[in-house]
Amino acid sequence: MARRATFIRQTREQYPHVLLLDAGNALTTDQLLTASTEGAVMIEGMNRLGYDAMTLGDQDFRWGPDIIKARMGEARFAVLSANVYVGGTNTLFARPYVIKEMAGHRVAVIGVTSKNLLAFLPPGNRVPVLVADPVESVRRTMSDLAGQADIIIVCSNLGFQQDRELAASVPGIAAIVGGNPGVLLPEPFREPTHGTILVQAGYQGEWIGQLTLHVNEAGEVVSYSGKTIALGADFADDPEIRAWLDSLAKP
Amino acid sequence: MRRTLLRAIVLLVAAALLLSACGSGSQTPAPTATPTQSPQAFDLVILHTNDVRGFTEPCG
């Protein structure tokens with residue numbers, strides 16, 4: 001996380017319009033520090049790194065919906081899912097999207113969660129949740145966003161194959177930032193049907209992805225470039241994040 | 001008569017608002033305002049992670 005912070009800071013110094021997104025399964029873990037805080041350490045770290053949004057991952061729900069709600073309350077960024085509902089209601093469990101204004105364009109980020117979520121709920125879970133069809137949920141959310149957004153990004157926990165199906169089924173998505181179970185795509189993949197760009201950046205915080213969309217005045221993506229960066233030892237630790245992590249490690 | 005009509009209008013508006021809230025779900029964000037500046041060509045840089053799984057330190 002300290003190396004990631006360094007890369008994020010360097011990128012923000014270089015570019016004025018940066019979105020920092022997480023495509024889910026940040027909170028599920030067997031890591032002692034995160035497990036002992038029921039994922040709160042990850043949310044605090046993402047707050048410190050200045051994330052703009054994260055999507056709820058299916059495996060994040062191992063904690064159960066009530067703990068996830070508590071983590072959502074601690075986040076200073078948007079926690080998204082357009083297709084998870086409170087069971088027995090038509091109320092979404094999280095907000096479906098967030099809109100950021102950049103260079104006069106309204107950039108909407110829609111979150112969508114894998115239907116596998118139901119398999120990860122803890123035994124005896126008493127808070128029912130429902131997971132709607134992701135493709136239809138994205139389609140409906142984009143309809144809701146008509147006239148409110150110029151560029152659509154989907155932050156997806158569906159997995160690469162379903163991301164491809166989503167990209168082929170729904171026109172108008174500029175890019176899908178994906179995850180689950182953690183595919184390492186060295187460079188972006190352009191789904192040919194509608195030209196949607198797909199990215200995914202590995203797992204366990206070992207990598208970070210960078211996708212640059214070159215956007216014209218009309219809000220059209222005219223070209224793109226991207227890469228996945230291994231956060232190896234050549235990235236120095238960010239001193240503030242290092243100090244914070246070290247303070248957590250003290251007994 | 002006028003008071004009855006006014007009460008009916010208030011009830012209708014309240015019912016419409018309630019139906020609207022039910023249909024959209026309480027998590028639906030409020031509509032965004034018009035952009036504050038005219039659109040310009042720009043580079044949108046998306047930094048992204050996934051499946052971090054609680055790792056605060058490199059595992060390798």
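The rules behind each value
- Residues numbered from 1 in each chain as written.
- Chains lettered and ligands numbered in written order.
- Predicted model: local features only at pLDDT ≥ 70, side-chain atom pairs only at ≥ 80, totals over all residues.
- Helix = DSSP H or I, 4+ residues; strand = E, 2+ residues; numbered from the N terminus.
- Rg over C-alpha atoms; globule rule 2.2 N^0.38 Å.
- Contact = placed C-beta atoms within 7 Å.
- pLDDT = per-residue confidence, 0-100.
- Axes fitted to C-alpha atoms, helices over the stretch in contact; angles between N-to-C directions.
- Parallel < 35°, antiparallel > 145°, perpendicular 65-115°, else oblique.
- Left-handed = near helix turned anticlockwise from the far one by under 90°.
- Nonpolar A, V, L, I, M, F, W, Y, C, P; charged D, E, K, R; others polar.
- Pairing = 2+ DSSP bridges.
- Buried ≥ 20, exposed ≤ 12 C-beta atoms within 10 Å, placed from the backbone.
- Arc of directions from axis to C-beta.

(A) The overall build of chain A, seen in detail. Along chain A, the regular secondary structure elements total 8 helices and 13 strands. Relative to the globule expectation of 18 Å for 251 residues, the C-alpha radius of gyration of chain A, 18 Å, shows essentially globular dimensions. Dimensions along the principal axes, computed over C-alpha positions, put chain A at roughly 55 × 50 × 30 Å. Contacts spanning at least 24 positions in sequence make up 65% of the contacts within chain A whose residues lie at least 6 apart.

(B) Structural view of the confidence of the model for chain B. Confidence in the prediction for chain B averages 68 pLDDT; 43% of positions are at 70 or higher. Segment residues 10-26 of chain B is flagged for pLDDT under 50; beyond a separation of four residues in sequence, or across chains, it makes 6 contacts in the model.

(C) Region of interest: the packing of helix 6 (residues 134-144) of chain A against helix 7 (residues 160-169) of chain A. All names here are of chain A. Viewed as axis vectors pointing N to C, helix 6 and helix 7 meet at an angle of 45°, and their least axial separation amounts to 10 Å. One element, helix 6, and the other, helix 7, form an angle in the oblique class. Helix-helix and strand crossings are classified by hand; for helix 6 and helix 7 the assignment is right-handed. Of helix 7, the residues touching helix 6 (which contributes Pro134, Val135 and Val138) are Gln162, Leu166 and Ser169.

(D) Broad picture of the interface of chain B and chain A. Contacts between the two partners involve 33 residues from chain B and, on the opposite side, 71 residues from chain A. At 8 residues, the largest contribution of residues to the side of chain B that touches chain A is made by strand 1 (residues 42-49) of chain B. Looking at the side of chain B that touches chain A residue by residue, the class counts come to 15 nonpolar, 15 polar and 3 charged. In this structure, strand 12 (residues 207-215) of chain A lies alongside strand 1 of chain B, joined through 7 bridges in antiparallel fashion. The residue bridging Val215(A) from the neighbouring strand is Phe42(B), located in strand 1 of chain B.

(E) View of the sheet that holds strand 13 (residues 221-230) of chain A. The 6 strands lie next to each other as 3(A)-2(A)-1(A)-1(B)-12(A)-13(A), forming an open sheet whose pairing is mixed. Two strands close off the open sheet at either side, each with one partner strand: strand 3 (78-80) and strand 13 of chain A. Neighbour-to-neighbour, the strand axes of the sheet open up by a mean angle of 20°, direction not taken into account. As paired elements, strand 2 (residues 53-55) of chain A and strand 3 of chain A share 3 bridges and run parallel to each other. Across the sheet, Ala53(A) pairs through a bridge with Ala78(A), a residue of strand 3 of chain A.

(F) How the structure looks around the environment of Asn47(A). Residue and element names in this part refer to chain A. Note that Asn47 resides in helix 3 (residues 40-49). Put simply, Asn47 and Glu74 are 27 residues apart on the chain and 8.8 Å apart in space, counted from C-alpha to C-alpha. The residues contacting Asn47, other than those within four sequence positions of it, are Ala75 and Arg76.

(G) Quick look at unusual backbone geometry. Residues and elements named next belong to chain A. The omega angle of the peptide bond from Asn180 to Pro181 is 10°, so this bond is cis rather than trans. Relative to the helices and strands, Pro181 resides in the loop between strand 9 (175-178) and strand 10 (189-191). Of note, the phi angle at Asn25 is positive, near 65°, even though the residue is not glycine. Counting through the fold element by element, Asn25 comes out in the loop between strand 1 (18-22) and helix 2 (32-36). We classify Asn25 as buried; it has 30 C-beta atoms within 10 Å.

(H) Region of the structure containing the pairing of strand 6 (residues 105-112) of chain A. Residue and element names in this part refer to chain A. Here strand 6 lies mainly inside the structure; 8 of its 8 residues are buried. Of the pairings in the sheet, the one linking strand 5 (residues 97-102) to strand 6 comprises 6 bridges and is antiparallel in character. What sits directly across from Met102, in strand 6, is His105. Between strand 5 and strand 6, which pair antiparallel one after the other, the connecting turn spans 2 residues, and Ala103 there sits at a positive phi close to 50°. Pairing analysis gives 6 bridges linking strand 6 to strand 8 (residues 151-156), with the strands arranged parallel. Each residue of the ladder has a partner; that of Val107, found in strand 8, is Ile151.

(I) Spotlight on helix 4 (residues 65-74) of chain A. All names here are of chain A. Where helix 4 is concerned, the buried positions are Pro65, Ile68 and Arg71. Angularly, the buried residues of helix 4 cover 115° about the axis, an arc narrow enough to put them on a single face. What points out from helix 4, more than 90 degrees from its buried face, is the exposed set Asp66 and Gly73. On its buried side, helix 4 packs onto helix 3 and strand 7 (129-131).

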